[in-house]
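Architecture and fold: a report
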Number of protein chains: 2
Amino acid sequence: MRSHHCGLVDEALDGQTVTLCGWADTRRDHGGVIFIDLRDHEGIVQIVIEPDNAAAFAAAEAVRYEFCLRVTGRVRPRPASQVNERLRTGRIEILADTVEVLNAAAPLPFMLDDAVSEDMRLRYRYLDIRRPEVQRRLRLRTKLVSALRHYLDARSFQDIETPILTKATPEGARDYLVPSRVHPGEFFALPQSPQLFKQLLMMAGMDRYYQIARCFRDEDLRADRQPEFTQLDMEFAFVEERDVQDFVEPMIRHVFQEVVGVALAAPFPRMTYAEAMRRYGSDKPDLRIALELVDVAEHVRHVDFKVFSGPASDAGGRVAALRLPKGAELTRKQIDDLGPHVAKYGAKGLAWIRVDDLANGREGLTSPIVKFLDDRAIDGIFAAVGAQTGDVIFFGAGPYATVSAFMGALRLKLGHDLGLVEDAWKPLWVVDFPMFEFDAEANRYVALHHPFTAPKIDDVADLRANAAFAVSRGYDMVLNGNEIGGGSIRIHRPDMQSAVFDLLGIGAEEAQAKFGFLLDALKYGAPPHGGIAFGIDRIAALMAGTDSIRDVIAFPKTASAQCLLTSAPSPIAEAQLQELHIRVVKPTT
Amino acid sequence: MRSHHCGLVDEALDGQTVTLCGWADTRRDHGGVIFIDLRDHEGIVQIVIEPDNAAAFAAAEAVRYEFCLRVTGRVRPRPASQVNERLRTGRIEILADTVEVLNAAAPLPFMLDDAVSEDMRLRYRYLDIRRPEVQRRLRLRTKLVSALRHYLDARSFQDIETPILTKATPEGARDYLVPSRVHPGEFFALPQSPQLFKQLLMMAGMDRYYQIARCFRDEDLRADRQPEFTQLDMEFAFVEERDVQDFVEPMIRHVFQEVVGVALAAPFPRMTYAEAMRRYGSDKPDLRIALELVDVAEHVRHVDFKVFSGPASDAGGRVAALRLPKGAELTRKQIDDLGPHVAKYGAKGLAWIRVDDLANGREGLTSPIVKFLDDRAIDGIFAAVGAQTGDVIFFGAGPYATVSAFMGALRLKLGHDLGLVEDAWKPLWVVDFPMFEFDAEANRYVALHHPFTAPKIDDVADLRANAAFAVSRGYDMVLNGNEIGGGSIRIHRPDMQSAVFDLLGIGAEEAQAKFGFLLDALKYGAPPHGGIAFGIDRIAALMAGTDSIRDVIAFPKTASAQCLLTSAPSPIAEAQLQELHIRVVKPTT
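This one's a predicted model, so the numbers in the text were calculated from it and none came from an experiment. (Residues numbered from 1 in each chain as written. Chains lettered and ligands numbered in written order. Predicted model: local features only at pLDDT ≥ 70, side-chain atom pairs only at ≥ 80, totals over all residues. Heavy atoms only, no water.)

Here we look at the interface of chain A and chain B
With 121 residues of chain A in contact, the opposing surface of chain B contributes 122 residues. Interface area for chain A against chain B, summed over the two sides, is near 10,600 Å², with a carbon-plus-sulfur share of 60%. Area buried by chain A at its contact with chain B is led by Glu-161, Phe-238 and Tyr-524 of chain A, which between them contribute 8% of it. The tally of links between chain A and chain B comes to twelve salt bridges. (Contact = heavy atoms within 4.5 Å. Buried area = accessible area lost by both parts, 1.4 Å probe. Salt bridge = Lys/Arg side-chain N within 4 Å of Asp/Glu carboxyl O.)

Here it is in structure tokens:
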């Protein structure tokens, strides 16, 4: 139906006749001549329809915004005054021979260059995607996925599909369920990840596996979550941690280079979980922000101020300082406004010292807490953080995890609010995660990665004796404060898997019911294996320079898990539910 | 953990030390020396453990079937008497330095080279996949998908993911449903195909789309169906039928060449639906079987035998003959046994004439029906089918569709039972399908492809007036009797889409409720577009030379839609169902 794409017609085609298809981006009448900007996925080209071509002129007169057209005409140079150097097509125009309306368009609910609400954009997603910027983001995602596939296909990885209709395998989030028609009262679950299937594939001798896999979690959505999301899922047989990391790190470097021309550091820095929490209060530190937490417990252990000395003397406590250079430029109100922010992360308060003049001793300090600190404490803190005139030093004190969380959040907020985020790409590996976290409420351990992650300790009795301090063989790839990939070496011995289930409070009977097939499979010579999964939506969003993964998903859902385009979910006829042996029980309100 | 793969060690490595990982395929003790065949995904290599290496020998003595091992040793030539020319590794062996048991294996439920039931194979799929033949089939599928992707990625196709949690879009089969937790009483449906999303992507200006897409149909399963299956889904903007066909035909030729070294015909033959039904009694004719149906109504219209003359005189009737050369070799019982087979396809009986001696007139014929036919009829029939001595000629008479169906089935059965299936690849295009079939029971039309397929008639009033005879813009790609791909040019005008919904008995209100978003989208300058979808499971099965698509799916389900490996579906805790606002209502039996 067409000989060329609109956005690609240039001087090289001067004098030739071309046939183009696309949408009327604009129509202008000027001096008795009609100009139409015809747009396709490659760009825009100017069509000129002169009145002496009566048929084409009549057709063009009927054209409105977003009419779908087919135009045949001759390429000719534009008058010098009309040349647009910013467009590939900016030196030429098409003198129309024929203009055919392939489809009319009713007045659109919004103009494509309007700023409209996200709800409108999602409801009319087929119009929203016509915007060049949205096209660009979706095409970037395609390029990312394609680059990853080509990389892996060239390296003997087997792209293997795993089931979507599968068994509930609790991994911390709620499952989406699918009632079975054939087996009354029974349900499939949609996979939260292909974790167990990929491990089974290694036990099956497939050696190296990948899949661009759809995953499902029925969680309360945050801005950056979707009920269904996509990960690059990988697994390797006969590997240790560094084998996996040394394979995927160059792969990620390759795709950043190929897709967005970004050269990531080689090699990525490596950091233990403990160091990341200590310096950044986060297991996914954003290294673009130069601010760091400093532990000052040793300097305040002796003071009377219990808010500090208590946690400083407690093995499970933390007193951390964050030095903000030029923080003295903040107003008192700006400082006070940080309190409610850190409170969201569990802070009971946020102490601070403003260093108005370092040379002037206590007189040179402004602070609600300095009166509680003796000189030894102040000198010790200042030396530890490297205090200078003009700084504000913030303090967090309390349980280690809480202090790390809110001081880490403070660090991010200050970095973003004050423009301290370096324009750079800062990847790193975070390693040596704890195997377990103790859930005080449930009075049991929970897995920091997932229950199939191997501990560094190889002996079951040793693990039981040292569970609280056990380090796992898990690793995360972090980029600019986002965990873009996470993986581990898996447990491949049935005794170790049973022990870990047991430590997680999953009794032998429950383990058999939920994971019997895994425990069985481990019995028959399961190989050592490990892998990783990368968040495709997040990586694409980072590459596209957008905060929202909805921008890189063709048909995303809202924060209440609805598709505004198709109106899903929706009510279903009673007869259909009967066939599935279920009945709706609406909550009484 | 390893330096090489087992199956790839050969003379080129003679004298070198290698480290290999794999499974103990066999262990033999011979003359005080232990031999282990170590297997990985690349093949098998022979390990020799000599008694003077005490540590390795002790480790090797403990090795049992399917133990997972790591072996380091030196490559050396085998004694001439032990050379195995059929293996890449057959001229060498590895003299072990160290033998490490990575994981022990309990006695397996079956030996890998045992013939076991499919239920056992599926339950222990992780062992089943260790068989080299199963590995080969799954790897062939990976290669097929990879070849398709590379072909399309190089041709500007955008690989775009469409939702799995979506709206029920009835396409003839039952939907799998997913209750919404956030919206009580509402449900998502799993897609039967991405049909409407890919059309919307064309309306959104994405121009060329593909996806290796998971699709879901809750149907009663036949041998070659799965609840979830995979298709290569494609859509093109600004195209007509031949544009789509001329693009995908070379693509299919390319992947057959690349994956299995098969050169398919170029170009594929083309046949109308009418011709396919007339000559083969099927819209997916298996051209490997040379037998053809011949219409003989004109020769039997005048006879008294109402079984023939009735349908022969009826515009909706058919009298078809199928000549089986050398059919006289069939016993009477063999011929009689064909009756129950064709009865399954609606035949009331199967008439036949055996030509014992063509030169001998009626005396030379054996037949239950020849007495009802006059010479004119017999001569006419014999001329039409080209009868020869030794033939059996079968006859079907009745409604056109029924006769075509059972005579087509007869043709396939004779072809397969009598070894008349040529060892060849016979692709073709079937085109010019009827737009509608009349469903007498429901007293309305049903769509032969789907409700979004465009008719060849462009005018809504013309279509309404000629619905019974309207031809669609649909097309199927057929290979060896399998529909491997099906597609069409779609309706892109809202008035035509509404008219087709109306003819299909979908009223304006229902159309708005179910497809309102499509009808809306068509209003805003939707481009002409069309596409096709290929059955990946079926194509992979054909390439792998297996009848069952379960052989090319890593984790398939049984005919009752169960996963024997994970025991899905399974019962779910009441609390979880409450959160989803549903209750199980088991059928009373």
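So, next bit.
Some points on the side chain of Asp-153 of chain A
Here Asp-153 of chain A is to be found in helix H4 (residues 132–153). It is Arg-149 of chain A that comes nearest to the buried, bridge-free Asp-153 of chain A among opposite-charge side chains, at 6.0 Å. A polar contact of 3.2 Å, which involves the side chain of Asp-153 of chain A, links it to the side chain of Ser-146 of chain B. Among the polar contacts listed, one links the side chain of Asp-153 of chain A to the side chain of His-150 of chain B, at a separation of 2.9 Å. Ignoring any residue separated from it by four or fewer positions in sequence, one finds Asp-153 of chain A in contact with Tyr-210 of chain A together with Ser-146 and His-150 of chain B. (Helix = DSSP H or I, 4+ residues; strand = E, 2+ residues; numbered from the N terminus. Buried < 20%, exposed > 50% of the residue type's maximum accessible area, 1.4 Å probe, protein only. Lys, Arg positive; Asp, Glu negative; His and termini not counted. Polar contact = N/O pair within 3.5 Å; in protein donor to acceptor, adjacent residues only side chain to side chain.)

Description of the relation of the copies chain A and chain B
The two chain copies are related to each other by a rotation about an axis together with a translation along it. With an RMSD of 0.1 Å, chain A superimposes on chain B once it is rotated by 180° and translated 0.0 Å along the axis. The operation mapping one copy onto its partner corresponds to a two-fold rotation axis. Here 100% of the interface residues in chain A have copies in chain B that are interface residues too; the copies meet face to matching face. (Least-squares fit on C-alpha atoms with pLDDT ≥ 70 in both.)

A look at the UniProt feature "binding site: ATP" (unreviewed entry) in chain A
Residues and elements named next belong to chain A. Within the UniProt annotation, "binding site: ATP" (unreviewed entry) is assigned to Arg-217, Asp-218, Glu-219, Gln-226, Glu-483, Gly-535, Ile-536, Asp-537 and Arg-538. Turning to its location among the elements, Arg-217 is positioned in the loop between strand E9 (208–216) and strand E10 (228–237). Residue Arg-217 is classed as partly exposed on the basis of its relative accessible area, which comes to 24%. Discounting chain neighbours no more than four positions away, the residues touching Arg-217 are Ala-173, Arg-174, Tyr-176, Gln-192, Pro-227 and Phe-229. Of note is the side chain of Arg-217, whose polar atom sits 3.4 Å from the backbone oxygen of Gln-192. Mapped onto the secondary structure, Ile-536 falls in helix H16 (residues 536–544). (UniProt positions renumbered as here; feature names shortened; annotations may be inferred.)

Considering the pattern of salt bridges
All names here are of chain A. For the coordinates displayed, the defined rule picks out 106 salt bridges over all chains. With a shortest N-O distance of 3.7 Å, Arg-91 and Glu-11 are connected by a salt bridge. With a gap of 80 residues between them, Arg-91 in the loop between strand E4 (68–77) and strand E5 (92–103) and Glu-11 in the segment before strand E1 (17–30) connect regions that are remote in the sequence. On the basis of relative accessible area, Arg-91 is assigned to the partly exposed category, the value being 37%. For Glu-11, a relative accessible area of 40% puts it in the partly exposed group. Of the charged contacts in the structure, one is a salt bridge between Asp-417 and Lys-413, with a shortest N-O distance of 2.9 Å. On the criterion of helical spacing, the pair formed by Asp-417 and Lys-413 is a turn pair, its members being four residues apart in helix H12 (residues 400–417). In the salt-bridge network here, residues are joined through shared partners; they are Arg-121, Arg-125, Asp-128, Arg-131, Glu-133, Arg-136, Arg-137 and Asp-551.

Concerning the domain arrangement of chain A
Assigned domains of chain A: these are domain 1 (6–103), domain 2 (138–164 + 202–267 + 429–543) and domain 3 (289–421). Its C-alpha centre places domain 1 of chain A at a distance of 64 Å from the equivalent point of domain 3 of chain A. (Domains from an automatic or database assignment.)

Let's talk about the pairing of strand E17 (residues 427–431) of chain B
Residues and elements named next belong to chain B. Of all five residues making up E17, five are buried, and the element is well covered by its neighbours. Burial of E17 is two-sided: the residues Pro-427, Trp-429 and Val-431 facing one way and the residues Leu-428 and Val-430 facing the other way are all buried. Judged from the three bridges that link them, strand E11 (residues 270–272) and E17 form a sheet pairing that is parallel. Counterpart to Thr-272 in the pairing with E17 is Val-431. (Pairing = 2+ DSSP bridges.)

Considering unusual backbone geometry
Residue and element names in this part refer to chain A. Backbone torsion omega between Ala-568 and Pro-569 reads -5°, so that peptide bond is classified as cis. Mapped onto the elements, Pro-569 comes out in the loop between H16 and strand E23 (570–571). The backbone phi angle of Asp-207 is positive, close to 75°, even though this residue is not glycine. Tracing the chain through its elements places Asp-207 in the loop between helix H5 (195–203) and E9. With a phi angle near 60°, Ala-561 is a residue other than glycine that sits in the positive phi range. Tracing the backbone shows Ala-561 in the loop between H16 and E23. For Ala-561, a relative accessible area of 6% translates into the label buried.

Details of the sheet that holds strand E8 (residues 186–189) of chain A
If you walk across this open sheet you meet the three strands as E7(A)-E8(A)-E23(B), and the pairing is antiparallel. Of all the strands in the sheet, the pair left with one neighbour each is strand E7 (177–179) of chain A together with strand E23 (570–571) of chain B. As defined by bridge partners, E8 of chain A adjoins E23 of chain B across two bridges and the pair is classed as antiparallel. Its bridge partner being in E23 of chain B, Glu-186 of chain A is matched across the sheet by Pro-571 of chain B.

Some thoughts on the packing of aromatic side chains
Under the criterion given, the structure shown has 43 aromatic pairs over all chains. Here the aromatic rings of Phe-436 of chain B and Tyr-445 of chain B are separated by 5.3 Å at their centres, their planes lie at 40°, and the arrangement is tilted. Both residues of the pair, Phe-436 of chain B and Tyr-445 of chain B, belong to the buried class. An aromatic cluster of three or more residues is present, and its members are Phe-110, Tyr-124 and Tyr-126 of chain A together with Tyr-524 of chain B. The lysine or arginine in question, Arg-208 of chain A, covers the ring of Phe-247 of chain A, its NZ or CZ lying 5.4 Å from the ring centre. For the cation-ring pair, Arg-155 of chain B lies above Tyr-151 of chain B, with the distance from its terminal atom to the ring centre recorded as 3.6 Å. (Phe/Tyr/Trp six-rings, centres within 6.5 Å; stacked < 30°, edge-to-face > 60°. Lys NZ or Arg CZ within 6 Å of the ring centre and 35° of its normal.)

A few points about the pairing of strand E9 (residues 208–216) of chain B
On any regular strand, side chains alternate: one points to one face of the sheet, the next to the other face. Residue and element names in this part refer to chain B. With eight of its nine residues buried, E9 lies for the most part within the structure. Sheet analysis places strand E6 (residues 158–159) next to E9, joined by two bridges and oriented parallel. Bridge pairing links Asp-159 to Tyr-210 in E9. As judged from the nine bridges shared by E9 and strand E10 (residues 228–237), these two strands associate in the antiparallel manner. Along E10, the bridge assignment pairs Tyr-210 with Met-234.

Topic: helix H9 (residues 306–313) of chain A
Of all the positions in H9 of chain A, only Phe-308, Ser-309, Pro-311 and Ala-312 of chain A are classed as buried. On its buried side, H9 of chain A packs onto helix H8 (297–300), strand E13 (317–324), strand E14 (351–355) and strand E16 (392–399) of chain A.

Details of the state of the cysteines
According to the stated counting rule, one finds zero disulfides over all chains in the structure shown. Unpaired in terms of disulfides, Cys-6 of chain B finds its nearest cysteine sulfur in Cys-21 of chain B, a separation of 7.7 Å. Considering cysteine sulfurs only, Cys-215 of chain A is the nearest to Cys-563 of chain B, which forms no disulfide, with 17 Å between them. (Disulfide = S-S within 2.5 Å.)

Concerning the sheet that holds strand E2 (residues 33–40) of chain A
All names here are of chain A. The strand order around the closed barrel formed by five strands is E1-E2-E3-E5-E4, and the pairing between neighbours is mixed. Ignoring strand direction, the axes of neighbouring strands in this sheet form an average angle of 55°. Where E2 and strand E3 (residues 43–49) come together, seven bridges link them in antiparallel fashion. Across the sheet, residue Phe-35 finds its bridge partner in E3, namely Val-48. Together, E1, E2, E3 and E5 form the strand contacts of helix H1 (residues 54–62), whose direction differs from that of E5 by roughly 65°. (Axes fitted to C-alpha atoms, helices over the stretch in contact; angles between N-to-C directions.)

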